[in-house]
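In case you want the letters, here they are:
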Amino acid sequence: MGEKKRKEEAKSIFVFGKKNYKFMFIGLACIALGFILMSGGGSDDPNVFNPEIFHWRRIRLAPAIILIGFGIEIYAILLNPDK
């Protein structure tokens with residue numbers, strides 16, 4: 001009886017469940033996608049201005065996707081895996 005109880009206590013208890021980790025990876029993918037969409041638009045020559053840096057993708061879409069990714073991360077942390 002005592003040995004069985006010790007084996008149960010020896011099992012590692014994870015803080016998060018499988019569902020939490022799935023949502024965390026989805027959130028990380030959204031954040032990475034946002035930063036990828038935000039990249040680019042620069043100019044090779046510092047004397048030439050490239051108006052592509054103010055494209056709606058870099059100003060509106062990418063930050064929104066990053067914020068959605070952070071929201072998914074918060075949801076993944078607060079999600080109760082037992083339910």
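Residues numbered from 1 in each chain as written. Predicted model: local features only at pLDDT ≥ 70, side-chain atom pairs only at ≥ 80, totals over all residues. Heavy atoms only, no water.

### A few points about helix α3 (residues 56-78)
Threshold: Per the convention used, a helix needs a DSSP run of H or I reaching at least four residues, while a strand needs a run of E reaching at least two, with both numbered from the N terminus. A helix's residues, less one, multiplied by 1.5 Å, set its expected span. Values of bend correspond, residue by residue, to the angle between axes fitted over the seven residues ending at that residue and the seven starting there. Partly exposed describes any residue whose relative accessible area lies between the buried limit of under 20% and the exposed limit of over 50%, with all areas from a 1.4 Å probe on protein chains only and scaled to the type maximum. Whether two residues are in contact is decided by their heavy atoms, any of which lying within 4.5 Å being enough.
Look at α3: 32 Å from first C-alpha to last across 23 residues, which is about the 33 Å you get at 1.5 Å a residue. Approximately 25° is the largest bend angle found in α3, and it occurs at Ala62, with the proline Pro63 only one to four residues beyond. For α3, the complete set of buried residues consists of Arg58, Ala62, Ile65, Ile66, Gly69, Ile72, Glu73 and Ala76. On its buried side, α3 packs onto α2 (18-38).

### Considerations on the packing of α2 against α3
Two quantities define a packed helix pair, namely the angle between the axes and the distance from one axis to the other. Going by this rule: Inter-axis angles, ranging from 0 to 180 degrees, are taken between N-to-C directions of lines fitted to C-alpha atoms, where helices are fitted over the stretch in contact. Throughout, the term roughly parallel applies to angles under 35 degrees, roughly antiparallel to angles over 145, roughly perpendicular to angles from 65 to 115, and oblique to all others. In this scheme the crossing of two helices becomes right-handed for a clockwise turn of the near helix relative to the far one and left-handed for an anticlockwise turn of less than a right angle. Note on residue categories: nonpolar means Ala, Val, Leu, Ile, Met, Phe, Trp, Tyr, Cys or Pro, charged means Asp, Glu, Lys or Arg, and polar means any other residue, Gly included.
In the contact formed by α2 and α3, the axes pass within 8 Å of each other and the chain directions differ by 165°. Accordingly, the angle class assigned to the pair α2 and α3 is roughly antiparallel. The crossing of α2 and α3 is left-handed. Partitioned by chemical class, the residues of the contact of α2 with α3 number 20 nonpolar, four polar and three charged.

### Remarks on the side chain of Asn20
Basically, it comes down to this: Under the rule applied, a polar contact is a pair of N or O atoms within 3.5 Å (in protein, one hydrogen donor and one hydrogen acceptor; residues adjacent in sequence only if both atoms are side-chain atoms).
Its location among the elements puts Asn20 in helix α2. A polar contact is formed between the side chain of Asn20 and the backbone nitrogen of Gly17, at a distance of 3.2 Å. Non-local contacts of Asn20, meaning those with residues more than four positions away in its chain, are made with Ala76, Ile77, Leu79 and Pro81.

### Looking at the nonpolar core
Across soluble globular proteins, nonpolar side chains have a tendency to be buried as a group. Test applied: Nonpolar cores are built from buried Ala, Val, Leu, Ile, Met, Phe, Trp, Tyr and Cys residues. Side-chain atoms within 4.5 Å join them into one set.
One finds Cys30, Leu37, Ala62, Ile65 and Ile72 forming the largest nonpolar core, which totals five residues. Sort the elements by how many residues they give to this core and α3 lands first, with three residues. Ignoring sequence-local partners within four residues, the contact set of Cys30 consists of Ile65, Gly69 and Ile72.

### Section: a nonpolar patch on the surface
Note the threshold: Residues forming no salt bridge and having over 30% relative accessible area are the ones grouped into patches, like charges within 9 Å of each other and nonpolar side chains (Val, Leu, Ile, Met, Phe, Trp, Tyr) within 5 Å. Method for areas: the Shrake-Rupley scheme with a 1.4 Å probe, in which residue coverage is limited to the protein chains shown. Any carboxyl oxygen of Asp or Glu that lies within 4 Å of a side-chain nitrogen of Lys or Arg is treated as forming a salt bridge with it.
Together, Phe14, Tyr21, Phe25 and Leu28 line one region of the surface with nonpolar side chains, adding up to about 470 Å² of accessible area. Within the secondary structure, Leu28 sits in helix α2.

### Quick word on the UniProt feature "transmembrane region" (unreviewed entry) in the protein
Counted only if it meets this: UniProt positions are given in the numbering used here, feature names are shortened, and annotations may be inferred rather than shown by experiment.
Residues annotated in UniProt with the feature "transmembrane region" (unreviewed entry) correspond here to residues 21-41 and 61-79. Annotated as residues 21-41, this span is 86% helix and 0% strand, and its ends, taken at the C-alpha atoms, are 34 Å apart. Annotated as residues 61-79, this span is 95% helix and 0% strand, and its ends, taken at the C-alpha atoms, are 27 Å apart.

### Quick notes on α2
What counts, and what does not: By definition, the arc is the one covered by directions from the helix axis to the C-beta atoms.
An ideal rise of 1.5 Å per residue puts 30 Å on 21 residues; α2 measures up with 31 Å between its terminal C-alpha atoms. Of all the positions in α2, only Asn20, Met24, Gly27, Cys30, Ile31, Gly34 and Leu37 are classed as buried. Down the axis, α2 shows its buried residues gathered within 155° of arc, on one side only. Exposed residues on α2 whose side chains face more than 90 degrees from its buried face are Lys18, Lys22, Phe25 and Ile36. Contact partners of the buried residues in α2: α3. Positive phi appears at Gly40, one or two residues downstream of α2, with a value of about 90°.

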